[in-house]
Amino acid sequence: MTKLDARREQMLTEMGIKPRWQLRAAAAAVAEAPETAAPVQQIPSPAPVMPADEPPTWLDDAPPPFDDMPVGESVPMERGEPALEAEPAGRPAPAVAKVDPVSTMDWDALEAAVRDCRACRLCEARKQTVFGVGAREAEWMIVGEGPGAEEDERGEPFVGQAGRLLDAMLDSVGLSRQNTVYIANAVKCRPPGNRTPQPDEMAACRPFLERQIALVAPRLLIAMGRPAAQTLLGGEPRISASRGKVFRYELVPVVVTYHPAYLLRNLPDKSKAWEDLCFAQDEMARQKAKT
């Protein structure tokens, strides 16, 4: 017996199978003398011993398991059936931009929306909302802080002592609330005790002011007081640091100055407010020169 035959016999024995020539000999013996022939004994297969830290080599040639298939490839089916085509990845539905209904309102609808608004806590103590007043196609637009007690009573911005001072300021540069200026506030309801409006209250009213500005389409905005400047420009602007500069609300120039109610308590700063109005006049002239 050659070495190769011996190796084959050993492998078959380990698998529990005798060499083919031994199986033929045993079958012939049973056929010739079935009464006396010894039964063929099956040799139990010993349990294979494999190193614990090394996988069997036959796994190297195996196809990758299903989980390891590249994403998007098809997996062949058995019995020659055609492979299923992978489903294309679904595309997300295009986002639909939500349109703020306030941004499309005309003057009547906007005024009604302000009158019925209950978007913040200021509606709880108001007597009435204060929408705005003045020429609705004015080149100048003034934005104040919010209604005081008299404004809450009358439903008009800048009345009482502060209103009279504002009228005098406008008249000094040839303007008037009736014909050449539109006036509105950052918030449309009176804050209790005439306190400064809170950021969330100004944010709730901001769409109304934005629509007013869009409808008026002014060539220049004047922010009177910190809340007005904060609403138009964002951040925490300081009046003293913002004076004498031109800011932008979208494409509209913005000039920042003191609120008339502040000037009533700080008389020396009236001269500064006068300087701011003259600066605003110069900026308006520059805007007109460009067109």
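Look a little higher up for the structure.
Residues numbered from 1 in each chain as written. Predicted model: local features only at pLDDT ≥ 70, side-chain atom pairs only at ≥ 80, totals over all residues. Heavy atoms only, no water.

**A word on the environment of alanine 186**
Looking at the element boundaries, alanine 186 is found in the loop between strand S3 (181-185) and helix H6 (199-216). Here alanine 186 is in contact with Val143, Gly144, Glu145, Cys205, Leu209, Pro227 and Thr231, once residues within four sequence places are set aside. (Helix = DSSP H or I, 4+ residues; strand = E, 2+ residues; numbered from the N terminus. Contact = heavy atoms within 4.5 Å.)

**Some thoughts on the packing of aromatic side chains**
For the coordinates displayed, the defined rule picks out 3 aromatic pairs. Ring centres of tryptophan 107 and tyrosine 182 lie 5.5 Å apart, and the angle between their planes is 50 degrees; this geometry places the pair in the tilted category. With tryptophan 107 in helix H3 (residues 107-115) and tyrosine 182 in strand S3, this residue pair connects regions lying 75 residues apart in the sequence. Residues tryptophan 107 and tyrosine 182 agree in their burial class; the two are buried. With centroids separated by 4.9 Å and ring planes inclined at 15 degrees, the aromatic side chains of tyrosine 258 and tyrosine 262 adopt a geometry described as stacked. According to the relative accessible area criterion, tyrosine 258 is buried, its value standing at 8%. What makes tyrosine 262 partly exposed here is its relative accessible area of 26%. Connected via pairs of aromatic rings, a cluster forms that spans Trp107, Phe131 and Tyr182. Its end group placed over the ring of phenylalanine 279, arginine 286 keeps NZ or CZ at 5.9 Å from the ring centre. (Phe/Tyr/Trp six-rings, centres within 6.5 Å; stacked < 30°, edge-to-face > 60°. Buried < 20%, exposed > 50% of the residue type's maximum accessible area, 1.4 Å probe, protein only. Lys NZ or Arg CZ within 6 Å of the ring centre and 35° of its normal.)

**Regarding the nonpolar core**
Trp140, Met141, Ile142, Tyr182, Leu221 and Leu232 are the most contacted members of the largest nonpolar core, which has 54 residues in total. Top element by residues in this core is H6. It accounts for 6 residues. With sequence-adjacent residues up to four places away left out, methionine 141 is seen in contact with Tyr182, Ala184, Leu209, Gln212, Ile213, Val216, Pro218, Leu220, Leu221 and Ile222. (Core = buried A, V, L, I, M, F, W, Y, C linked by side-chain atoms within 4.5 Å.)

**Structural notes on the sheet that holds S3**
Taken in spatial order, the 6 strands make up an open sheet running S1-S3-S2-S4-S6-S5, and their pairing is mixed. Edge positions in the open sheet fall to strand S1 (133-134) and strand S5 (247-249), since each of these has one partner strand only. Alignment of strand S2 (residues 140-144) against S3, held across 5 bridges, turns out to be parallel. Among the inter-strand pairings, methionine 141 is bridged to a residue of S3, identified as tyrosine 182. Against the sheet, helix H10 (residues 270-290) engages S2, strand S4 (220-224), S5 and strand S6 (252-257), with an angle of about 170 degrees to S6. (Pairing = 2+ DSSP bridges. Axes fitted to C-alpha atoms, helices over the stretch in contact; angles between N-to-C directions.)

**As for H6**
For H6, which comprises 18 residues, the first-to-last C-alpha distance of 25 Å matches the rise-based estimate of 26 Å (1.5 Å per residue) to within 8%. Where H6 bends most, the angle comes to about 45 degrees, and this point is cysteine 205, followed within four residues by the proline proline 207. Within H6, the full set of buried residues consists of Glu201, Met202, Cys205, Phe208, Leu209, Arg211, Gln212, Ile213 and Val216. Buried residues along H6 sit against H3, S2, S3, S4, helix H7 (226-233) and S5. Downstream of H6 by a residue or two, alanine 217 has a phi angle that is positive, lying close to 55 degrees. (Expected span 1.5 Å × (residues − 1). Bend = angle between axes of the 7 residues up to and from the residue.)

**Some thoughts on the pairing of S2**
Among the 5 residues of S2, 5 are classified as buried, and the element is accordingly described as predominantly covered. What you see with S2 is no split at all: Trp140, Ile142 and Gly144 on one side and Met141 and Val143 on the other are buried throughout. Pairing geometry for S2 and S4, over 4 bridges, is parallel. Residue pairing across strands places valine 143 opposite alanine 223, the latter belonging to S4.

**What to know about the pairing of S6**
Of all the 6 residues making up S6, 6 are buried; the element is thus mostly covered by neighbouring parts of the structure. Residues Val252, Val254 and Val256 line one face of S6 and the alternating positions Pro253, Val255 and Thr257 line the opposite face, and both faces are buried. In this sheet, S6 lies alongside S5 in antiparallel orientation, the contact comprising 3 bridges. When the sheet's bridge partners are listed, tyrosine 249 is paired in S6 with valine 252. Linking S5 to S6, which pair antiparallel, is a turn of 2 residues; within it glutamate 250 sits at a positive phi near 55 degrees.

**Points about the packing of H3 against H6**
Packing of H3 against H6 leaves a shortest axis separation of 11 Å and a crossing angle of 160 degrees. By the angle class used here, H3 and H6 are roughly antiparallel. The handedness of the crossing between H3 and H6 comes out as left-handed. Along its contact with H3, which presents Trp107, Leu110, Ala113 and Val114, the element H6 presents Phe208, Arg211, Gln212, Leu215 and Val216. When the residues that make up the contact of H3 with H6 are grouped by side-chain class, the tally is 7 nonpolar, 1 polar and 1 charged. (Parallel < 35°, antiparallel > 145°, perpendicular 65-115°, else oblique. Left-handed = near helix turned anticlockwise from the far one by under 90°. Nonpolar A, V, L, I, M, F, W, Y, C, P; charged D, E, K, R; others polar.)

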